[in-house]
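Listed below, chain by chain, are the residues.
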Amino acid sequence: MSEPSDGASRERDKPWIFRTYAGHSTAHDSNALYRKNLAKGQTGLSVAFDLPTQTGYDSDHALAKGEVGKVGVPISHLGDMRALFEHIPLGEMNTSMTINATAAWLLALYVALADEQGIARGTLQGTTQNDIIKEYLSRGTHVFPPAPSMRLTKDVILFTTREMPKWNPINVCSYHLQEAGATPVQELAFALATAIAVLDTVQASDAVEPGAFGEVVGRISFFVNAGLRFITELCKMRAFAELWDEITAERYGVNDPKQRLFRYGVQVNSLGLTEQQPENNVTRILIEMLAVTLSKNARARAVQLPAWNEALGLPRPWDQQWSLRMQQILAYETDLLEYGDIFDGSPAIAAKVERLKREAKEELAHIAALGGAVAAVERGYMKQQLVESNTRRIEAIERGEQTVVGVNRFVESEPSPLAGAADSIVTVSPQAEAEQIERLKAWRAARDQQTVAAALKELRAAARENRNIMPASIDCAKAGVTTGEWGFALRESFGEYRAPTGVGRAPRNDTVGLDDLRADVDRVSRRLGRRLKFVLGKPGLDGHSNGAEQIAVRARDAGMDVIYEGIRLTPAEIVEAARKQGAHVVGLSILSGSHVPLVKDVVARMKTAGLDGVPVVVGGIIPPEDAQALQQAGVAAVYTPKDFELNRIMADIVRIVDRTAA
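Keep in mind it's a predicted model, so treat the numbers as computed, not measured.

(A) Expanded view of the sheet that holds strand β1 (residues 17-19). Reading across the sheet, the five strands line up as β1-β10-β9-β8-β7 and stay open at both edges, with parallel pairing between neighbours. What marks the edges here is a single partner per strand, and that holds for β1 and β7 (170-173). The average undirected angle you get between the axes of adjacent strands in this sheet is 25°. Relative to strand β10 (residues 302-304), strand β9 (residues 264-267) runs parallel, the two being bridged by three bridges. Bridge pairing links G265 to A302 in β10. Together, β7 and β8 (220-224) form the strand contacts of helix α8 (residues 184-204), whose direction differs from that of β8 by roughly 155°. Against the sheet, helix α12 (residues 317-332) touches β1 and β10, its axis set at about 160° to β1.

Okay, here's the thing in structure tokens:
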């Protein structure tokens, strides 16, 4: 190919890896979806696991009720992993697994399956997300305290560096930080602080052979987010690349430029997807993709895009296909991959990148002064910063300072033929959970119990003796150990952890537009004889707490007495808190799709406890038919993502309490 006269590169660059984030119901159903997507031109897999799998529970555990197969695929043992990858050649596939607290276990199952199929470990390509710090901050699927969690992360890194050199053992994940409200500077600083904490932990272990630390650094990858502020997001990616190059060279002495490359995958912003006029989300997704693909020097290595209707529920295969085709059209129909970096030499881009780098370095220095990322998590600093920045974002939308088309501006709309169509989202059948539990019981009955017991004994010993957890975990996988058995064996050694909520007790003084609302809260509180008490809980395993945190903050600022203890509470614990605290209203937040069984459980328990006079309000991604079912079950009000005006929700709650107390 001759040199083009317009400055195009000599040959076309290879496109990034095309992925869709998928998995639900059962391993068999998810396998069918994966093979269908691969046939459509997807070039890598991105596996979504259900919440019991992510938090180390078997599908038949009490906490798993209603959660099995809802936000991902249930994987309880090696048999499930076999079904998930049936007829998919592991030696040829690039597999990304969004798994964190139980990353060592899911990787062990993957390796055990590869061993079973005679596939050399050194040929396996893919990624385990394995970033536990952001779980404490934004996504909530953590299990163990920070120190043992970092040890598990380190064990996976050391094992893969030695035995799986093509595998990325960690995706330092800023994606969920932005979903929790992080500013670009916070996203840069918090993610890089996490990477530093991980590498420092590996370095301090003295388990890396001399001269091999560059290999460890070279396998660290990132998973980022891109929002709609196109120029800022593009500059953020260039800043990421430059800062990582500086950190790996200066802090860790890595000399090989290839090992200092900022390698990242991306899913663009889901926080900004709207339930109102959801067809607008197609435009949003496309623009956000451009921010991580147009700049060659900071281009993503892999891209997965949400579907237009994810603010409504679980997308269908056709919806995911639409997002996949966006990537393919950009890569194959445009001339983007024929050129070098089209932003090099731009003064505006260079100035923005430098500003982001400077502010991120200042934040990194502050985190370092606190003792590093782990200490900043334990002290609640980073979580509080995210809650506050998300509060500012929501208030800007409420006041109209930040335009969201179809939500707070240009709201006049024709009925959507897409959103209004029958079966516009996927609904996971309750039968899928029952069938998964039956298969799990059959698996337990068919295995050799002595082999299982011996494998678990060795796992406990490895945990206790600070040996790398991976060999014992792989032996457990081959012996037939289940996800819950692995999880509870490590809980015995490590314990469990409840992360700080980031929601303070004192109301803010700078909140505007609350005078009338505060007056109403005061009036109703006088009628009640004490301050209006709002108990807010997240039942089940859903750890996406951003909405609950913002409700708690706004209720507090409105003058209510708010009790919010964080994520993963059982219905029994929420009802007991309502009884003990003398709640005037109970709020439930569920985004995992398990709202119907969990809310009904809470309502039934409240009735049994003599609290049926206390109103219950619910928020989440709840289809209209489910909202109607919940209201018929006794729920006073249901809120979905379209209800973005928090002051209106607060006013509703005050009226509901006032009416109930009449």
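(B) Fine view of the nonpolar core. The biggest cluster of nonpolar side chains holds 145 residues, and the ones touching the most others in it are M81, F85, F222 and M382. Looking at this core, the element that brings in the most residues is α8, giving 13 residues. When near neighbours in sequence (up to four residues on either side) are disregarded, M382 contacts I133, L137, F190, I367, A373, A376 and V377. V524, V562, L646 and M650 belong to the second-largest nonpolar core, a separate cluster that totals 31 residues.

(C) Summary view of helix α6 (residues 146-163). With 18 residues, α6 extends 26 Å from end C-alpha to end C-alpha; this agrees with the ideal 26 Å at 1.5 Å per step. With 14 of its 18 residues buried, α6 lies for the most part within the structure.

(D) Structural detail: the packing of aromatic side chains. Using the criterion set out here, one finds 16 aromatic pairs in the structure. For the ring pair Y175 and F223, a centre distance of 5.8 Å and an interplane angle of 55° mean the geometry is tilted. Separated by 48 residues along the polypeptide, Y175 in helix α7 (residues 175-179) and F223 in strand β8 bring together distant segments of the chain. Here Y175 and F223 have matching classes, each one buried. Taking 5.5 Å as the distance between ring centres and 40° as the angle between the ring planes, the aromatic pair formed by F262 and Y264 counts as tilted. Since its relative accessible area comes to 9%, F262 is described here as buried. Among the aromatic residues, those joined into a cluster by ring pairs are F222, F240, W244, F262 and Y264. Cation over ring: R491 sits above Y57, and NZ or CZ is 4.5 Å from the ring centre.

(E) Up close: the environment of V599. If you trace the backbone, V599 turns up in helix α23 (residues 595-608). Given the relative accessible area of 1%, V599 is considered buried. A C-alpha to C-alpha distance of 32 Å links V599 and G79, two positions 520 residues apart in sequence.

(F) Structural context of helix α17 (residues 449-464). The end-to-end C-alpha distance of α17 is 22 Å, a good match for the 22 Å that 16 residues give at a rise of 1.5 Å each. Taken together, the buried residues of α17 touch α6, α18 (469-479) and α19 (483-494). Two or three places before Q450, at the opening of α17, D448 has a side-chain oxygen 3.0 Å from that residue's backbone nitrogen. The first or second residue beyond α17 is N466, which carries a positive phi of 60°.

(G) How the structure looks around the packing of helix α11 (residues 280-291) against α12. Direction vectors running N to C along α11 and α12 enclose 40°, while the axes themselves pass 11 Å from each other. By the angle between their axes, α11 is oblique relative to α12. Crossing of α11 over α12 shows right-handed handedness. Residues V282, I285, L286, M289 and L290 of α11 form the contact with α12, whose own contacting residues are W322, M326, Q327 and L330. Classifying every residue of the contact of α11 with α12 by side-chain character gives eight nonpolar, one polar and no charged.

(H) Representation of the pairing of β9. Along β9, one buried face is formed by Y264 and V266 and the opposite face, lined by G265 and Q267, is buried too. The pairing of β8 with β9 spans three bridges and is classified as parallel. Bridging from a neighbouring strand, V224 pairs with V266 of β9. Regarding the hand of the β-α-β motif, the stretch spanning β8, helix α10 (residues 230-250) and β9 is right-handed. In the classification by handedness, the crossover that spans β9, the intervening α11 and the parallel β10 is right-handed.

Parameters and conventions
- Residues numbered from 1 in each chain as written.
- Predicted model: local features only at pLDDT ≥ 70, side-chain atom pairs only at ≥ 80, totals over all residues.
- Heavy atoms only, no water.
- Pairing = 2+ DSSP bridges.
- Helix = DSSP H or I, 4+ residues; strand = E, 2+ residues; numbered from the N terminus.
- Axes fitted to C-alpha atoms, helices over the stretch in contact; angles between N-to-C directions.
- Contact = heavy atoms within 4.5 Å.
- Core = buried A, V, L, I, M, F, W, Y, C linked by side-chain atoms within 4.5 Å.
- Buried < 20%, exposed > 50% of the residue type's maximum accessible area, 1.4 Å probe, protein only.
- Expected span 1.5 Å × (residues − 1).
- Phe/Tyr/Trp six-rings, centres within 6.5 Å; stacked < 30°, edge-to-face > 60°.
- Lys NZ or Arg CZ within 6 Å of the ring centre and 35° of its normal.
- Polar contact = N/O pair within 3.5 Å; in protein donor to acceptor, adjacent residues only side chain to side chain.
- Parallel < 35°, antiparallel > 145°, perpendicular 65-115°, else oblique.
- Left-handed = near helix turned anticlockwise from the far one by under 90°.
- Nonpolar A, V, L, I, M, F, W, Y, C, P; charged D, E, K, R; others polar.
- Right-handed = clockwise from strand over helix to strand, strands pointing away.

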